[in-house]
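# Geometric and topological summary
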Amino acid sequence: MKTFQNKVAAITGAASGIGRALAIELASRGCHLSLSDVNTDALAETAQAAGAHGVKVTTAALDVADRDAIYAWADRTDADHGPANLVFNNAGVALGASIEGASDEDLHWIMDINYWGVVHGTRAFLPQLRASGEGHVINISSVFGIAAVPSQGAYNATKFAVRGFTECLRQELEIAGAPVSATCVHPGGIKTNIARAARFDTQSMQALTGRGSDDAKARFEKLFRTTAESAARTILRGVERNARRVLIGADAHAIDLTVRLMPTAYQRIVSGFTKLSMR
């Protein structure tokens, strides 16, 4: 996709972070928008900022864990804008807990949003993307969809799943000769509110890392170096060149290289570092 002018993009999680940055950047390039989020007040702020660029912007209150709601939003997008050209499955949440310590409720919660939200968002919009004649699916995984780390087992599982789903989708679209492509995005530490909004199992995190939830959130946020605006521009460059995957941030590139060079040894390094940090 060489231009976003007069295209239509659907974005989940558009109230803040990368979703908001994508909306505003796309609007500045003449792209019309169908935006969704559970936070309707912040979503309205995104819509106002994007609409200032003179494009058509519609919004919807949406919990991506609700399959029927996603399909209904896709139908409204088509009715309001015509077939979407792009869908950004961006909405996501985080969970800090050990594998043993995580509750079944929290495991289902994160899987329903981070994985099933992407699956349903992709499948709901694919007919429109095909009908548009020039479509693109952009699914947000994570650097934790490349490397596994202690206390992030549930998050790792969802983001590895998004990676596998999207890479397979890309291949199937190519085999079919479809007018649609797919890109998997792996952000490193991005300056968003995902850590502050995360769920934490304090007891298991304390036992595993020696830190409580507030300390863990603060330490994670210190690692966030890349702005959401920079991340959005990197993602859109990836779409323009039809990249299979997009790494965002020096940390994501470094971790990807480490895993490729030391696919098993990196796990011992991470485990050892975690033990040392508890002292």
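Structure's up top.
Because the structure is a prediction, the values reported are computed rather than measured.

### Considerations on the pairing of strand β7 (residues 180–187)
With eight of eight residues buried, β7 is to be regarded as a mostly interior element. Of the two faces of β7, both are covered, the one formed by Val 180, Ala 182, Cys 184 and His 186 as well as the one formed by Ser 181, Thr 183, Val 185 and Pro 187. The sheet contact formed by strand β6 (residues 135–140) and β7 spans six bridges and is parallel. In the strand pairing of β7, His 136 is matched with Ser 181. Each parallel crossover has a hand, and for β6 linked through helix α5 (residues 153–176) to β7 it is right-handed. Judged from the four bridges that link them, β7 and strand β9 (residues 245–248) form a sheet pairing that is parallel. Each bridged residue has a counterpart across the sheet, and for Val 185 the counterpart in β9 is Val 246.

### Quick word on α5
For α5, spanning 24 residues, the distance from its first C-alpha to its last is 34 Å, which sits close to the expected 34 Å at 1.5 Å a residue. Within α5, burial applies to Ala 154, Tyr 155, Asn 156, Thr 158, Lys 159, Val 162, Thr 166, Leu 169, Arg 170 and Leu 173. The first or second residue beyond α5 is Gly 177, which carries a positive phi of 65°.

### Side note on a nonpolar patch on the surface
Among the surface-exposed residues, Leu 257, Leu 261, Met 262 and Ile 269 lie close enough to one another that they form a single nonpolar patch of about 380 Å² accessible area. Tracing the backbone shows Leu 261 in helix α9 (residues 250–261). Classification of Leu 261 by relative accessible area gives exposed; the value is 64%.

### Section: the packing of aromatic side chains
According to the stated counting rule, one finds four aromatic pairs in the structure shown. Seen in terms of ring centroids, Phe 144 and Tyr 155 are 6.1 Å apart; in terms of plane orientation they differ by 85°. Their pairing is edge-to-face. Residue Phe 144 is found in the loop between β6 and α5, and its partner Tyr 155 is found in helix α5; the two are separated by eleven residues along the sequence. There is no split in this pair, since Phe 144 and Tyr 155 are both buried. Each member of the aromatic cluster is reached from another via a ring pair, and the members are Tyr 115, Trp 116 and Phe 165. We note Arg 67 situated over the ring of Tyr 71; from NZ or CZ to the ring centre the distance is 4.2 Å.

### Quick word on the packing of helix α1 (residues 17–28) against helix α2 (residues 40–51)
Interhelical geometry of α1 versus α2 gives an angle of 20° and a closest axis separation of 9 Å. When the axes of α1 and α2 are compared, the pair comes out roughly parallel. Taken as a pair, α1 and α2 cross one another with a handedness that is right-handed. Residues Arg 20, Ala 23, Ile 24 and Ala 27 of α1 form the contact with α2, whose own contacting residues are Ala 42, Glu 45, Thr 46, Ala 49 and Ala 50. Among the residues forming the contact of α1 with α2, the class breakdown is six nonpolar, one polar and two charged.

Rules and cut-offs
- Residues numbered from 1 in each chain as written.
- Predicted model: local features only at pLDDT ≥ 70, side-chain atom pairs only at ≥ 80, totals over all residues.
- Heavy atoms only, no water.
- Buried < 20%, exposed > 50% of the residue type's maximum accessible area, 1.4 Å probe, protein only.
- Helix = DSSP H or I, 4+ residues; strand = E, 2+ residues; numbered from the N terminus.
- Pairing = 2+ DSSP bridges.
- Right-handed = clockwise from strand over helix to strand, strands pointing away.
- Expected span 1.5 Å × (residues − 1).
- Patch = residues over 30% accessible without salt bridge, like charges linked within 9 Å, V, L, I, M, F, W, Y side chains within 5 Å.
- Areas by Shrake-Rupley, 256 points an atom, 1.4 Å probe, with all protein chains shown as cover.
- Salt bridge = Lys/Arg side-chain N within 4 Å of Asp/Glu carboxyl O.
- Phe/Tyr/Trp six-rings, centres within 6.5 Å; stacked < 30°, edge-to-face > 60°.
- Lys NZ or Arg CZ within 6 Å of the ring centre and 35° of its normal.
- Axes fitted to C-alpha atoms, helices over the stretch in contact; angles between N-to-C directions.
- Parallel < 35°, antiparallel > 145°, perpendicular 65-115°, else oblique.
- Left-handed = near helix turned anticlockwise from the far one by under 90°.
- Contact = heavy atoms within 4.5 Å.
- Nonpolar A, V, L, I, M, F, W, Y, C, P; charged D, E, K, R; others polar.

So yeah, pure geometry; function would need other evidence.
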